[in-house]
Amino acid sequence: MKKFLALFLAAFMILAAVGCGKQPATDDDKPGSGIANQQLSMGTASSGGAYYVIGTGFAEVLTSHIPELNVTAEITDGSVANIRLVSDGDCDIGISNADAVQYALDGSAPYNSVQDIQVLCALHSSIWHVVTTENSGVTSIADLKGKKVAVGPAGGGSVAALEIVLQAYGMTMDDIIPTYVSYDDGITQLTDGQVSAALAMAGMPAAAVSSMAATNKVVMVSIDDEHMQKIQEIAPYYNAVTVPAATYGMDADAVTIGVKNIIYVSSRLDEATVYEMTKALVENLDELKTYHSAIKDVTKEGLADVGKFPLAAGAEKYYAEVGLK
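Structure report, in brief. (Residues numbered from 1 in each chain as written. Predicted model: local features only at pLDDT ≥ 70, side-chain atom pairs only at ≥ 80, totals over all residues. Heavy atoms only, no water.)

### Looking at the overall build of the protein chain
- Scanning the protein chain from terminus to terminus reveals 12 helices and 10 strands.
- In terms of overall size, the protein chain behaves like a compact globule, its C-alpha atoms giving a radius of gyration of 21 Å where 325 residues would be expected to give roughly 20 Å.
- Within the span of the protein chain, comprising 325 residues, buried residues form 53% of the whole.
- Contacts in the protein chain between residues far apart in sequence, at least 24 positions, make up 75% of those at least 6 positions apart. (Helix = DSSP H or I, 4+ residues; strand = E, 2+ residues; numbered from the N terminus. Rg over C-alpha atoms; globule rule 2.2 N^0.38 Å. Buried < 20%, exposed > 50% of the residue type's maximum accessible area, 1.4 Å probe, protein only. Contact = heavy atoms within 4.5 Å.)

### A few points about the pairing of strand β1 (residues 38–43)
- Among the 6 residues of β1, 6 are classified as buried, and the element is accordingly described as predominantly covered.
- Both β1 and strand β2 (residues 69–74) contribute to a ladder of 6 bridges, which runs parallel. Along β2, the bridge assignment pairs Gln 38 with Leu 69.
- Handedness of the crossover joining β1 and β2 through helix α2 (residues 50–65) is recorded here as right-handed. (Pairing = 2+ DSSP bridges. Right-handed = clockwise from strand over helix to strand, strands pointing away.)

### Describing the packing of helix α5 (residues 157–168) against helix α8 (residues 225–234)
- At their nearest, the axes of α5 and α8 sit 9 Å apart, and the two run at 120° to each other. Overall, the two elements α5 and α8 adopt an arrangement that is oblique. Considering only the axes of α5 and α8, their crossing is right-handed. Between α5, through Ile 164, Val 165, Gln 167 and Ala 168, and α8, the contact on the second element is made entirely by His 227, Lys 230, Ile 231 and Ile 234.
- Tallied by class, the residues present in the contact of α5 with α8 amount to 5 nonpolar, 2 polar and 1 charged. (Axes fitted to C-alpha atoms, helices over the stretch in contact; angles between N-to-C directions. Parallel < 35°, antiparallel > 145°, perpendicular 65-115°, else oblique. Left-handed = near helix turned anticlockwise from the far one by under 90°. Nonpolar A, V, L, I, M, F, W, Y, C, P; charged D, E, K, R; others polar.)

### Overview of the environment of Gly 323
- Examined against the element boundaries, Gly 323 turns out to sit in the segment after α12 (313–321).
- Using a relative accessible area of 59% as the deciding quantity, one classes Gly 323 as exposed.
- C-alpha separation for the pair Gly 323 and His 124, spaced 199 residues apart in sequence, amounts to 21 Å.

### Observations concerning the side chain of Gln 38
- On the secondary structure map, Gln 38 appears in strand β1.
- The class of Gln 38 is buried, set by a relative accessible area of 13%.
- Of note is the side chain of Gln 38, whose polar atom sits 3.1 Å from the backbone oxygen of Ala 36. (Polar contact = N/O pair within 3.5 Å; in protein donor to acceptor, adjacent residues only side chain to side chain.)

### Some thoughts on the nonpolar core
- Grouped together as the largest cluster of nonpolar side chains are 111 residues, with contacts concentrated most on Trp 128, Ile 141 and Tyr 319.
- When residues of this core are assigned to their parent elements, the largest contribution, 10 residues, is made by strand β4 (residues 117–132). (Core = buried A, V, L, I, M, F, W, Y, C linked by side-chain atoms within 4.5 Å.)

### A look at the pattern of salt bridges
- Scanning the entire structure with this criterion turns up 4 salt bridges.
- Salt-bridge contacts for Lys 217 lead to Asp 251; the nearest nitrogen and oxygen are separated by 2.7 Å. Taken together, the positions of Lys 217 in the loop between α7 (207–213) and β8 (219–220) and Asp 251 in the loop between β9 (239–243) and β10 (254–266) put the pair 34 residues apart, joining distant regions of the chain.
- Measuring nitrogen to oxygen at the nearest pair gives 3.7 Å for the salt bridge that ties Lys 230 to Glu 226. With a gap of 4 residues between them, Lys 230 and Glu 226 both fall in helix α8, about one helical turn apart.
- Under the relative-accessibility criterion, Lys 230 is labelled partly exposed at 34%. (Salt bridge = Lys/Arg side-chain N within 4 Å of Asp/Glu carboxyl O.)

### Considerations on the packing of aromatic side chains
- Following the criterion strictly, the structure yields 4 aromatic pairs and no others.
- Taken together, a centroid distance of 5.1 Å and an interplanar angle of 70° make the contact between Tyr 237 and Tyr 238 edge-to-face.
- Look at Tyr 237 and you get partly exposed, because its relative accessible area is 26%.
- Judged by its relative accessible area of 1%, Tyr 238 falls in the buried class.
- Through successive ring pairs, a cluster of aromatic residues spans Tyr 103, Tyr 237 and Tyr 238.
- Here the basic side chain of Lys 317 rests over the ring of Tyr 275, its NZ or CZ set 5.5 Å away from the ring centre. (Phe/Tyr/Trp six-rings, centres within 6.5 Å; stacked < 30°, edge-to-face > 60°. Lys NZ or Arg CZ within 6 Å of the ring centre and 35° of its normal.)

### Focus on helix α6 (residues 183–191)
- Among all positions of α6, only Tyr 183, Gly 186, Ile 187, Gln 189 and Leu 190 are buried. Along the axis of α6, the buried residues cluster in a sector spanning 160°; they form a single face.
- The elements touched by buried residues of α6 are β4, β5 (148–150), α5, β6 (177–179), β7 (197–202) and α7.
- Gly 193 occupies a position one or two residues after α6 and carries a positive phi of about 80°. (Arc of directions from axis to C-beta.)

Take a look at the structure:
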């Protein structure tokens, strides 16, 4: 009886595991590319942004087209946190904004050392949303001073962008009252009147903001030309992006910042596995696009266009073979 109870509890603990914790590799003898059978995890973000949806699609495409892989998408704190998870071995794949990837490879803040990641591909751009309501009294970034703001998860890209933007406006995080919550919860706090604004760094349309638009008037705060120039002087990886009014049923277009997204892998994955992952992604890009409209304009050439970031050896090999690099 004791032996049965012990086995039951062990099985329950495995099934109840949450996050990017390592899981046992499958022993199934499946035909395929010849790489080892592996159970992999992908760090995404909270459920209110594009990362989770796109990450789920990425995991399902890899699982469907590489018989040896079973990839799961995990809810995490987002861009900054995903890099640590992959570097520390708690996840195998991650997605982050390009600025966070640069900090990770440089070993600069918010990281204390160079992070152990290898770039696989580039995707769409994440758009920094500063969402408020008509009666909040917030019409510019400067109006956030002294206000309570739902800034997104502590490890997410929205906070990193906020720190840069506040610097351009002569402010710091001490000038606002931040609440660190998921994008969904931030929008809920906004519509309930608990905060004056809510942030989201996500591909357009952001699911959390779209949900607000279904029942409430969305007002998106713009960045003016003067401060946009200052932001780009501080952080040249941010570019100016116009959010069309129709995206969320707004009265006018909004101007904000965007940053390209990067998918990367752990260096613990062997070259052959990374090669097969890259091949599956490129050959099934149209399938991945069905998961979220934010990546509808991503091309095969765009996947390989990672700028100055060094590619993982398996990815570089595949891109070279098919003429993408």
